[in-house]
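# Structural overview
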Amino acid sequence: MTAALVIFLLLLIAAPLVKLAISSLEPPDGGGLTLANYVAAFGNARHLQALGNSLLLGIAVTACCIVFAVPLAWAVSRTDMPLKGLVRLTVLATFITPSYLGGVAWILLAAPRAGWLNRWAMALTGGNTGPFNIYSFTGLVFVVAIYAYPYVFVATSAALDLVSSEMEDAASILGSSRLRTALRVTFPLVLPAIFAGSIVAFLDTIALFGTPALIAIPAHFSVMTTQLWNFFEYPVQVEVAAAYCAPLLGITMFLLWLQRVVLNRKGYISVTGKAGERRLIRLGAWRWVALLYALFIGALSVYLPFATICQAAFSKAWGRGFSLQNLTLANFRYLLFEYPITQQSIAHTLLYSGIAATSCVVLGLAVAYLIRSRIVPAARFLGGLVMAPFVIPGVVLGMAFYATYAPPPAALNGTAAIVVLAFIARFIPIAYANASAALRSINPEMEEAAQILGAARGTTIRRILAPLIKTSLAGAWLMVFIPAARELSTALFVIGPQTRVLAILMLDLNEEGNFEILAASGCILLVVMLATLVVSLRLLGRDFMLRT
């Protein structure tokens with residue numbers, strides 16, 4: 001059983017990456033090795049400009065995420081700001097909302113002339129143009145940032161919850177203002193968490209495809225992911241695309257190395273032998289300013305976009321605005337009962353995400369158990385192997401699966417099997433990390449007692465370990481299902497005509513230019529995401545993201 005697990009993981013993770021590296025050195029006609037693919041990939045000024053745009057996008061988005069998330073996390077975790085439950089729920093809703101769906105909403109809101117915000121501005125000023133243009137680099141940065149900031153918020157908030165108030169009290173006694181105390185005492189203590197969340201936001205940004213496809217392509221500029229997609233237009237240049245992926249993987253590995261180096265050189269320890277008291281900072285009238293800031297961020301990412309998507313979805317023509325004469329259910333009727341692949345796409349989204357989440361939890365638990373029990377000498381190698389996809393952007397992983405399993409002999413191109421396998425490889429690190437943390441919290445004596453009484457390892461896992469960590473496993477399942485249901489970058493390269501999911505369906509509808517139908521599909525995806533969020537909150541509590 002262990003040997004079969006090792007072989008499966010090697011085929012699932014290692015084989016696609018090795019194949020991608022080999023493909024980048026192969027000539028299109030086969031035979032021998034060549035660097036011509038790298039010359040073709042990076043010898044073109046347009047390709048280099050797309051690479052530069054991606055790096056600039058990642059830096060700008062990360063900076064915006066810090067501005068959005070760090071004050072918000074401080075207000076939620078350390079102050080007496082009211083309505084904290086609403087703010088946390090809004091952050092969760094932001095997390096589960098695909099950024100490309102937010103991009104659709106902000107196109108309806110801030111398109112140069114037809115967007116609602118611009119039309120209201122022109123009506124107020126009497127001008128011919130509005131102040132906003134979502135079809136710009138600035139517009140792309142804005143949309144990506146308002147859906148990436150939860151990465152920084154979650155990491156920072158979790159760290160702030162652990163910081164004792166003693167050092168803040170000492171600073172106050174010495175005459176430091178609250179702002180100075182926060183900047184000079186509190187935030188330096190949580191700098192590792194801010195840095196870690198920022199790296200995740202940066203890596204997620206440079207690997208995005210959906211939002212750049214919606215905004216950057218009409219704005220006539222490219223980023224790396226849209227340029228990679230261009231390599232798959234006729235004539236298909238898989239080898240050049242494989243070479244072009246190298247910077248994404250290199251940047252990812254460099255940032256994770258840099259994080260380790262920076263954090264190893266500094267000390268941030270604030271935990272002592274005795275428990276520290278954590279008291280909320282009383283802001284007085286400023287607590288309402290903090291709440292307004294939190295609600296403003298929520299309006300940008302959730303309230304305004306959700307309202308816009310729903311308005312367009314139930315409208316005969318979204319540009320006419322809200323009126324009883326403009327209300328209709330025809331968009332949903334067409335999408336659900338007349339558009340040929342909608343029902344299929346919904347079923348595929350739920351099925352593929354569910355299978356992937358279940359498989360990830362089972363595999364992650366098996367690997368974590370092997371490492372904990374030291375059953376095989378090379379068990380830690382398996383741990384490194386299942387965590388490897390964490391440093392691989394989704395677009396790179398999707399291309400790796402396409403290069404490995406789409407052509408013969410596997411010939412899985414466009415099948416459900418390759419989609420599910422790609423999703424498992426993409427999200428298995430989440431399940432493994434949660435299963436490993438859960439197993440470490442259990443005293444091994446209970447397992448040893450079961451084995452002394454004659455229980456087999458499988459029985460021990462099923463009857464003792466699994467029930468004890470079922471809440472953590474449920475959290476891991478949900479934390480895989482949610483991103484898998486909205487995944488676009490990986491699915492883009494492995495989906496076929498008969499295996500479309502909702503994310504791909506929305507991309508197809510965007511190309512058709514019917515925003516009412518597109519908004520209706522967005523509403524359906526929102527229902528799936530929000531239903532998952534409700535289940536998560538009921539089963540695991542409002543802070544399940546922090547505990548998983």
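This text goes with the structure placed above it.
The structure displayed is predicted, hence computed values, not measured ones.

Structurally, the α-helix is built with 3.6 residues per turn, so residues lying three or four positions apart point the same way. Inspection of helix H16 (residues 330-338) places Asn-331, Phe-332 and Leu-335 among the buried residues, and these make up the whole buried set. For H16, the buried positions fall inside an angular range of 95° around the axis, keeping them on one side. Among the exposed residues of H16, those pointing more than 90 degrees away from its buried face are Phe-337 and Glu-338.

Here we come to the pattern of salt bridges. For side chains bearing opposite charge, pairing can occur when the charged atoms are close. By the definition in use, this model includes two salt bridges. Note that Arg-426 is salt-bridged to Glu-487, the shortest N-O span being 3.5 Å. A residue pair is termed long-range when its members are at least 10 positions apart, and Arg-426 in helix H20 (residues 416-440) and Glu-487 in the loop between helix H23 (470-486) and helix H24 (491-494) qualify at 61 residues. The exposure class of Arg-426 is partly exposed, given its relative accessible area of 21%. Look at Glu-487 and you get buried, because its relative accessible area is 9%. Asp-508 serves as the salt-bridge partner of Arg-500, at 2.6 Å between the closest nitrogen and oxygen.

Here Glu-516 shows up in helix H26 (residues 515-540). Look at Glu-516: it is buried, it has no salt bridge, and the nearest opposite charge is Arg-320 at 8.0 Å. Ignoring anything within four residues of it in the chain, the contact list for Glu-516 reads Ala-312, Ala-313, Ser-315, Lys-316, Ala-317, Trp-318 and Asn-331.

Next up on the list: the packing of helix H1 (residues 2-23) against helix H17 (residues 342-373). Running from N to C, H1 and H17 point in directions that differ by 120°, and their axes come no closer than 12 Å. By the angle between their axes, H1 is oblique relative to H17. In the crossing of H1 with H17, the sense of the turn from one axis to the other is left-handed. Contacts between H1 and H17 involve Thr-2, Leu-5, Phe-8 and Leu-9 from the first element and Leu-363, Ala-366, Val-367 and Leu-370 from the second.

Moving on, we get to the nonpolar core. Of all hydrophobic cores here, the largest spans 179 residues; its most connected members are Leu-9, Tyr-149, Phe-153, Leu-228 and Phe-401. When neighbours within four sequence positions are excluded, Leu-9 is seen to be in contact with Ala-14, Val-367, Leu-382, Leu-385, Val-386 and Ile-428.

Moving on, we come to the environment of Val-104. Within the element layout of this structure, Val-104 appears in helix H5 (residues 99-110). Since its relative accessible area comes to 2%, Val-104 is described here as buried. Separated by 406 residues in sequence, Val-104 and Asn-510 have C-alpha atoms that sit 8.5 Å apart. If we ignore the near neighbours within four places in the chain, the residues touching Val-104 are Leu-214, Ile-309, Met-506 and Leu-518.

Here we come to the packing of helix H7 (residues 137-160) against helix H10 (residues 191-206). Each packed pair of helices is defined by two parameters, the angle between the axes and the distance between the axes. Remark: H7 packs on H10, axes separated minimally by 8 Å, with the N-to-C direction vectors making an angle of 155°. By the criterion of interaxial angle, the relationship of H7 to H10 is roughly antiparallel. Taken as a pair, H7 and H10 cross one another with a handedness that is right-handed. Contacts between H7 and H10 involve Val-144, Ala-148, Tyr-151, Val-152, Ala-155, Thr-156 and Ala-159 on the former and, on the latter, Ala-193, Ile-194, Gly-197, Ser-198, Val-200, Ala-201, Asp-204 and Thr-205. The residue inventory of the contact of H7 with H10, partitioned by class, reads 10 nonpolar, four polar and one charged.

Cut-offs used in this document
- For every chain, the first residue of its written sequence is number 1, and the numbers climb from 1 along that sequence.
- Per-residue local features of the predicted model are confined to residues with pLDDT of at least 70, and side-chain atom pairs are confined, for both listing and counting, to 80 or more; whole-chain, interface and lining totals are unaffected and use all residues.
- As a rule here, side-chain values come from all non-hydrogen atoms in the structure, and water together with hydrogens is ignored.
- Burial classification: accessible surface area is computed with a 1.4 Å probe over protein chains only, and a residue below 20% of its type maximum counts as buried, one above 50% as exposed, and the rest as partly exposed.
- Each helix corresponds to a stretch of at least 4 residues labelled H or I by DSSP, and each strand to a stretch of at least 2 residues labelled E; elements are numbered beginning at the N terminus.
- It is the directions from the helix axis to the C-beta atoms that the arc portrays.
- Only one rule defines a salt bridge in this text: a Lys or Arg side-chain nitrogen within 4 Å of an Asp or Glu carboxyl oxygen.
- We count Lys and Arg on the positive side and Asp and Glu on the negative side, and we leave His and both chain ends out.
- Contact definition: two residues touch when any of their heavy atoms are within 4.5 Å.
- A fitted line through C-alpha atoms serves as each axis, taken over the contacting stretch for helices, and the angle formed by two N-to-C directions is quoted from 0 to 180°.
- Any angle between 65 and 115 degrees counts as roughly perpendicular, while under 35 counts as roughly parallel, over 145 as roughly antiparallel, and the rest as oblique.
- What makes a crossing left-handed is the near helix being turned counterclockwise from the far one by less than a right angle; a clockwise turn instead makes it right-handed.
- Only buried residues count toward a nonpolar core. Its members are Ala, Val, Leu, Ile, Met, Phe, Trp, Tyr and Cys residues joined through side-chain atoms within 4.5 Å.
- In this classification, the charged set is Asp, Glu, Lys and Arg, the nonpolar set is Ala, Val, Leu, Ile, Met, Phe, Trp, Tyr, Cys and Pro, and all remaining amino acids, among them Gly, are polar.

Any link to function would need more than the numbers given here.
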